[in-house]
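Notes for the structure review
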Amino acid sequence: MEYHNAMKILSQLTIIFLVSLLGESISLILPFPMPGSIAALGVMLILLFAKVVKEEHIKETSKYILDNIAIFFIPSCVGIIEHLGLLKSSWWKIIIVSSLSFLITFLAAGYTVKAVIMLTRRKP
Amino acid sequence: MKELIMNPLFALAMTIGLYVLFTKLKDKTKIGFINQFLFTITLIVIILLIADGPYEIYMKGGSVLSMFLTPVTSLLALSIYRERKKVKENLLPILAGTIAGSIASITSALLLSNLLNLEETIKLSLLTKCVTTPIAVALTNMMGGIEGVAAVGVMIAGILGNVLAPTLVKVFKLNGPSEQGIAIGSSSHALGSVKALKMGEDIGALSSISLSFSAIITVIIVMIFF
């Protein structure tokens, strides 16, 4: 049983790596820039809907990874250390822009949905 | 000592270890503002500054984790796929809300950055602050922004959504579950969705659908215009 589970994870990882490789290759071929990771997401989505990859082909490994996804982004974000000079002068601007822009986004999305619902309801 | 720090395993153990430590601390103390992701990044930066260890040396181990960025991002497809039924039922409001939200997010970040005379690289890093970290980091990297700043922007939007969402929906009279869920998901991704789920199950589902949709729409906008 233990052996079986380990093999399951390994075969799921293989599928995930192959799909990622396909995504990375596609992003190299495309005539416009697209991050390989986003191309891989698109490929995975298409394969799921086409039922080439089924949910149970990647389920256990996905849960484990998605629950801890933030870990993988820590090293690239530590790269902020090379830009501390820039931050020293503009950290407060970053906070202002992010906060206000968050509020504007929240309201734009909320009121658009409200308007759409009202418009579609009015029709008989 | 120097040899020990130079070993890639040191960076790897430090990164994963600190993340686990902060996660446990958060679970034990139940202090909501402990964000294990941001805390780990900050502490590693401080440690590297004190130890005078350059980023390249840290990345000898760190790159092992970065190598997995594409595979782990591809798995986000699964969360979209799982919600396909709910998407069908609410397609029009979801599309309209997330398109409006993504446009508002990017243009307001651009205008506000210009207003405050923010440096170009930082400005580019804040355009994607309303989408989930994997997408924001990938897009920022592509546009020539700073990934760490993108992560900070994403966290600010997420934390604000998590803390303020219940108040904002009351103050601005967004009463229906779709208004609330889609507004939260488009503006504060997964961190906001956690709170949305506490406000109601359908609000939470709509929020996590919207976070996927606004990620896709933001990708499209950024690829066309930047």
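**Some points on the packing of aromatic side chains**
Taken as a whole, this structure holds six aromatic pairs over all chains when the rule is applied. Their ring planes at 40 degrees and their centres at 5.9 Å tell us that Phe17 of chain A and Phe68 of chain B sit as a pair that is tilted. With Phe17 of chain A in helix α1 (residues 2-29) and Phe68 of chain B in the loop between α4 (55-66) and α5 (69-74), the pair connects residues from two separate chains. Exposure remark for Phe17 of chain A: the relative accessible area of 36% places this residue in the partly exposed category. Between Phe22 of chain B and Phe39 of chain B the ring centres are 5.4 Å apart and the planes differ by 85 degrees, which places this aromatic pair in the edge-to-face class. Here the residue Phe22 of chain B occupies a position in helix α2 (residues 8-29), and Phe39 of chain B occupies one in helix α3 (residues 36-51), the gap between them amounting to 17 residues. On the accessibility criterion, Phe39 of chain B (28% relative accessible area) is partly exposed. A network of ring pairs unites the aromatic residues Phe17 and Phe72 of chain A together with Phe68 of chain B as a single cluster.

**Quick notes on the domain arrangement of chain A**
In terms of domains, chain A is made up of domain 1 (1-67) and domain 2 (83-124). With centres defined by C-alpha atoms, the gap from domain 1 of chain A to domain 2 of chain A works out at 32 Å.

**Digging into the pattern of salt bridges**
In total, this model carries four salt bridges over all chains according to the counting rule given. Glu55 of chain A is the partner of Arg82 of chain B in a salt bridge, and the nearest nitrogen-oxygen pair spans 2.7 Å. In this pair, Arg82 of chain B is assigned in helix α6 (residues 76-82) and Glu55 of chain A in helix α3 (residues 55-67), connecting two distinct chains. Residue Arg82 of chain B is classed as partly exposed on the basis of its relative accessible area, which comes to 40%.

**Overview of a positive patch on the surface**
A cluster of basic residues, Lys51 and Lys54 of chain A together with Arg84, Lys85 and Lys88 of chain B, forms a positive patch on the protein surface. Within the secondary structure layout, Arg84 of chain B lies in helix α7 (residues 84-89). According to the relative accessible area criterion, Arg84 of chain B is partly exposed, its value standing at 34%.

**Some remarks on the interface of chain B and chain A**
In this assembly, 87 residues from chain B lie in contact with 70 residues from chain A. Of the roughly 7,100 Å² buried where chain B meets chain A, counting both sides, 83% is carbon and sulfur surface. Counting the surface chain B buries against chain A, the share from its top three residues, Tyr55, Leu75 and Tyr81 of chain B, is 10%. Taken together, chain B and chain A are joined by one salt bridge. Where chain B packs against chain A, one counts 11 residue pairs in polar contact (both at pLDDT 80 or more).

Rules of the game
Starting afresh in each chain, residues are numbered from 1 along the sequence in its written order. Chains carry letters and ligands carry numbers; both start at the beginning, A for chains and 1 for ligands, and go up in the order they are written. It should be noted that, the model being predicted, local features are given only for residues of pLDDT at least 70 and side-chain atom pairs only at 80 or more, the latter also being counted only at that level, while totals for whole chains, interfaces and linings use all residues. Heavy atoms from the whole structure form the basis of all side-chain values; hydrogens and water molecules are not counted. Stacked, tilted and edge-to-face are the three classes applied to pairs of Phe, Tyr and Trp rings, where Trp contributes its six-membered ring and a pair requires centres within 6.5 Å; stacked means planes under 30 degrees apart, edge-to-face means over 60, and tilted covers the rest. Numbering of helices and strands starts at the N terminus; helices are DSSP runs of H or I of at least 4 residues and strands are runs of E of at least 2. The cut-offs for exposure are 20% and 50% of the maximum accessible area for each residue type, with area from a 1.4 Å probe on protein chains only; residues under the lower value are buried, those over the upper are exposed, and the others partly exposed. Source of the domain bounds: an automatic or database domain assignment. Within this document, salt bridges are pairs made up of a side-chain nitrogen of Lys or Arg and a carboxyl oxygen of Asp or Glu, the two lying within 4 Å of each other. Residues enter a patch when their relative accessible area is above 30% and they make no salt bridge; the linking distance is 9 Å between like charges and 5 Å between nonpolar side chains (Val, Leu, Ile, Met, Phe, Trp, Tyr). In these tables, accessible area is a Shrake-Rupley quantity obtained with a 1.4 Å probe, and a residue counts as shielded only by the protein chains included in the view. We count Lys and Arg on the positive side and Asp and Glu on the negative side, and we leave His and both chain ends out. Charge placement uses NZ in Lys and CZ in Arg. For Asp and Glu, CG and CD serve respectively. Residue contacts follow a heavy-atom distance rule, with two residues in contact if any of their heavy atoms lie within 4.5 Å. Buried area adds together the accessible area that both of two parts lose upon being put together, with accessible area traced by a 1.4 Å probe. Side-chain atoms alone can form a polar contact between residues adjacent in sequence; in general such a contact is a pair of N or O atoms within 3.5 Å, and within protein one must be able to donate a hydrogen while the other accepts it.

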